[in-house]
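As a plain string of letters, each chain reads:
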Amino acid sequence: MSTVLITGANRGIGLALAQQYATEGAEVFACCRDPAKADDLKGLAASSAGPVRIIPLDVADEFSIASLKRTLGDQPIDILINNAGISGLSADRIEAEGYITTMRVNALAPMLIAQTLYDNLRHSTQKKLVAITSIMGSTSSAAGGKYAYRASKAALNNGMRGLSRVWARDGILVALLNPGYVQTEMVKGQVAFISADECASGLIARIAELTPATSGVFQDYRGVRIRW
Ligand SMILES: NC(=O)c1ccc[n+]([C@@H]2O[C@H](COP(=O)([O-])OP(=O)(O)OC[C@H]3O[C@@H](n4cnc5c(N)ncnc54)[C@H](OP(=O)(O)O)[C@@H]3O)[C@@H](O)[C@H]2O)c1
């Protein structure tokens, strides 16, 4: 049975990933900021084929990340999915606190979580580290606007690409996946192309087929490569 840890698992793409992995029979560690309000996750935990454990995690809080590590102990994690993210508090305006918070949640937190759970990954069978990034982190196709979000995803890409090179020595594979334009709260009011379920199926297929050749490659949920 695979063990999968997902951040931001209470809604959107994270919830769809948790649902599909649990249906496959995986053991899911579903992390979210407020388990008491995570009704969809609680429903999943009560009904799914595989065990679903709901764990509190605010990715912006280092103490919360340390607490996650204490909860997991030496538990091997086959697939660690850094999914939690925010769209950028200040949108198109460049505003210091919003910019820093966006960098903290989208770029720094996945790196800190990866470092904190390094041994859990290294001692697993599959050893797969995943970052849900965005095409908006592509520097060569940057259109402007949403500066904090774009910068945060570009920084995430660069950090994860680096880990893919250094941690290859331990057999750890790193997936950098753009989920597409997905109907979730994040893009509420906009016309998104695919459902969270369709997105999650694609992401799970890409994670399953990850190899040393595709580790550290920036690609989308269909496996189409994206320019940095
Ligand atoms: N939707 C798209 O079209 C799209 C496109 C490209 C990339 N993405 C990326 O896909 C990922 C998932 O986004 P989504 O579309 O599913 O958006 P969403 O519905 O807004 O979900 C975001 C998730 O992140 C969690 N989160 C935010 N800040 C957090 C924190 N400090 N600690 C823990 N969890 C936190 C949220 O938890 P709360 O409920 O507690 O806020 C929620 O579970 C993000 O990384 C996003 O950048 C999405």
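Preceding this paragraph is the structure being described.
Let me begin by describing the structure that accompanies this report. Keep in mind that this is a model prediction, so the values were computed, not measured. (Residues numbered from 1 in each chain as written. Predicted model: local features only at pLDDT ≥ 70, side-chain atom pairs only at ≥ 80, totals over all residues. Heavy atoms only, no water.)

**Observations regarding the site of the ligand**
By nearness alone, 27 residues border the ligand, and Asn10, Arg33, Asn83, Tyr149 and Thr184 come closest of all. Here an oxygen atom of the ligand sits 2.8 Å away from a polar atom, N or O, in the side chain of Arg11. Between the ligand and Ile13, the relevant distance is 2.8 Å, taken from an oxygen atom to a main-chain nitrogen or oxygen of the residue. Summarising the interface, the protein chains cover 93% of the accessible area of the ligand, which totals 900 Å² for the free molecule. A molecule is said to occupy a pocket when more than half its atoms come within 2 Å of that pocket's grid points, and by this definition the ligand occupies the largest pocket. Those elements that provide at least two residues to the shell around the ligand are helix H1 (12-24) and helix H6 (147-166). (Near = heavy atom within 4 Å. Polar contact = N/O pair within 3.5 Å; in protein donor to acceptor, adjacent residues only side chain to side chain. Areas by Shrake-Rupley, 256 points an atom, 1.4 Å probe, with all protein chains shown as cover. 1 Å grid on protein atoms, 1.4 Å probe; cavity = no way out; pocket = protein on both sides within 12 Å on 5 of 7 lines; lining within 4 Å. Sits in = over half its atoms within 2 Å of the grid points. Helix = DSSP H or I, 4+ residues; strand = E, 2+ residues; numbered from the N terminus.)

**Brief notes about the pairing of strand S6 (residues 173-178)**
Counting buried positions along S6 yields six of six residues, so the element is predominantly enclosed. Burial along S6 is two-sided: the residues Leu173, Ala175 and Leu177 and Val174, Leu176 and Asn178 are all buried. Sheet analysis places strand S5 (residues 128-132) next to S6, joined by five bridges and oriented parallel. Counterpart to Ala131 in the pairing with S6 is Leu176. As a crossover connection, the stretch from S5 through H6 into S6 is right-handed. Bridge analysis of S6 against strand S7 (residues 218-220) gives three bridges, and the strand direction is parallel. By the bridge assignment, Leu176 is partnered in S7 with Phe218. (Buried < 20%, exposed > 50% of the residue type's maximum accessible area, 1.4 Å probe, protein only. Pairing = 2+ DSSP bridges. Right-handed = clockwise from strand over helix to strand, strands pointing away.)

**A word on the layout of surface pockets**
By volume, the largest pocket is sized at about 1,100 Å³. Taken together, 41 residues line the largest pocket, and the ones lying closest to its centre are Gly85, Ile86, Ser87, Thr184 and Met186. Where the lining of the largest pocket is concerned, the elements lending two or more residues are H1 and H6. For the lining of the largest pocket, the class distribution of residues is 18 nonpolar, 14 polar and nine charged. (Points joined across faces, edges and corners; volume = space filled by probe spheres on them. Nonpolar A, V, L, I, M, F, W, Y, C, P; charged D, E, K, R; others polar.)

**Quick look at the packing of aromatic side chains**
Under the defined criterion, the tally for this structure stands at three aromatic pairs. Summarising the aromatic geometry, the rings of Tyr118 and Trp167 are spaced 4.8 Å apart at their centres and angled 45° between planes, so their arrangement reads as tilted. With Tyr118 in helix H5 (residues 118-122) and Trp167 in the loop between H6 and S6, the pair connects residues that are 49 residues apart, well separated along the chain. Overall, the relative accessible area of 9% leaves Trp167 in the buried class. (Phe/Tyr/Trp six-rings, centres within 6.5 Å; stacked < 30°, edge-to-face > 60°.)

**What about the sheet that holds S7?**
Pairing within the open sheet is parallel, and its seven strands lie in the order S3-S2-S1-S4-S5-S6-S7. Two strands close off the open sheet at either side, each with one partner strand: strand S3 (52-56) and S7. Between one strand and the next, the sheet's axes are offset by a mean angle of 20°, whatever the strand orientation. Contacts between helix H7 (residues 196-208) and the sheet are confined to strand S4 (79-82), S5, S6 and S7, with S5 contributing the most and set at about 145° to the helix. (Axes fitted to C-alpha atoms, helices over the stretch in contact; angles between N-to-C directions. Contact = heavy atoms within 4.5 Å.)

**Some points on the nonpolar core**
Across soluble globular proteins, nonpolar side chains show a tendency to be buried alongside one another. Counting residues in each nonpolar core, the largest one holds 35 residues, and the members touching the most others are Ile6, Leu17, Tyr21, Val28, Leu41 and Ile81. For this core, the secondary structure elements donating two or more residues are strand S1 (3-6), H1, strand S2 (27-32), helix H2 (39-47), S4, S5, S6 and H7. Looking at which element gives the most residues to this core, the answer is H1, with seven residues. In terms of nonpolar packing, the next biggest core, distinct from the first, is built from 29 residues, Leu5, Ala109, Leu112 and Val174 among them. (Core = buried A, V, L, I, M, F, W, Y, C linked by side-chain atoms within 4.5 Å.)

**Topic: the pattern of salt bridges**
A complete count under the given rule lists seven salt bridges for this structure. Residues Lys188 and Glu185 are paired through a salt bridge, measuring 3.9 Å at the closest nitrogen-oxygen approach. With a relative accessible area of 61%, Lys188 lands in the exposed category. In this structure, Asp220 and Arg222 form a salt bridge, with 2.5 Å as the shortest nitrogen-oxygen distance. (Salt bridge = Lys/Arg side-chain N within 4 Å of Asp/Glu carboxyl O.)

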